[in-house]
Amino acid sequence: MSLSVKIMDEMKNAMRSKDTVALEALRAIKSELLLAQTSSGSKEEITEAEEIKILQRLVKMRKDSAEIFTTQNRPDLAEPEMAQIAVIEKFLPAQLSEEEVEAIVAKVIADTGAAGIASMGKVMGLASAQIGGQAEGKVISAIVKKLLV
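Thresholds, definitions, all that
Residues numbered from 1 in each chain as written. Predicted model: local features only at pLDDT ≥ 70, side-chain atom pairs only at ≥ 80, totals over all residues. Heavy atoms only, no water. Helix = DSSP H or I, 4+ residues; strand = E, 2+ residues; numbered from the N terminus. Expected span 1.5 Å × (residues − 1). Buried < 20%, exposed > 50% of the residue type's maximum accessible area, 1.4 Å probe, protein only. Arc of directions from axis to C-beta. Contact = heavy atoms within 4.5 Å.

Concerning helix H1 (residues 3-16)
Thinking step 1. Between its first and last C-alpha atoms H1 spans 20 Å; for 14 residues at 1.5 Å apiece the expected length is 20 Å, and the two agree.
Thinking step 2. Turning to H1, its buried residues number three or more, namely Leu 3, Ile 7, Met 11 and Ala 14. Buried residues in H1, looked at end-on, bunch into an arc of 75°, giving them a common side.
Thinking step 3. Buried residues in H1 make contact with helix H2 (20-39) and helix H3 (48-71).
Thinking step 4. One or two residues past the end of H1 sits Lys 18, with phi positive at roughly 55°.

Below you can see the structure in the form of structure tokens.
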């Protein structure tokens, strides 16, 4: 079942249960997916990897907004953002622990023979491809820096 179909089913459930926060998050996902599909100019479906990137971007935007609202002492605005994050994260693949990411990065470094911070870009590219949306880029980056220094 494609992500678009899952989103539509969840939207129907959210409408039935009058869950406005979930409905708003689901509509944002649907909107971003439609924009991504039509921006390419083709009628083909977008790939699963692109869908994951879109979902991760939506989560990151909401985390940033919630953080700003929290620092400005506006919990009334931060709470809906956090609730939307929970809704969006249901559609993301299970996230790897830092230990699992570290093991993958260590294997990439060993396979490529990378040494020093100069080879960070190469290691990041290969590790990100292997992890495939199961960890945030900043977590991968921090681990790569830690292991290459």
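Here we look at the side chain of Ser 141
Thinking step 1. Examined against the element boundaries, Ser 141 turns out to sit in helix H7 (residues 137-148).
Thinking step 2. Sequence-distant contacts of Ser 141, defined by excluding residues within four places in its chain, comprise Met 120 and Met 124.

Points about unusual backbone geometry
Thinking step 1. Positive phi, normally seen in glycine, also occurs at Lys 18, with a value near 55°.
Thinking step 2. Relative to the helices and strands, Lys 18 resides in the loop between H1 and H2.
Thinking step 3. Under the relative-accessibility criterion, Lys 18 is labelled exposed at 70%.
Thinking step 4. Residue Asn 73 is not a glycine yet carries a positive backbone phi of 55°.

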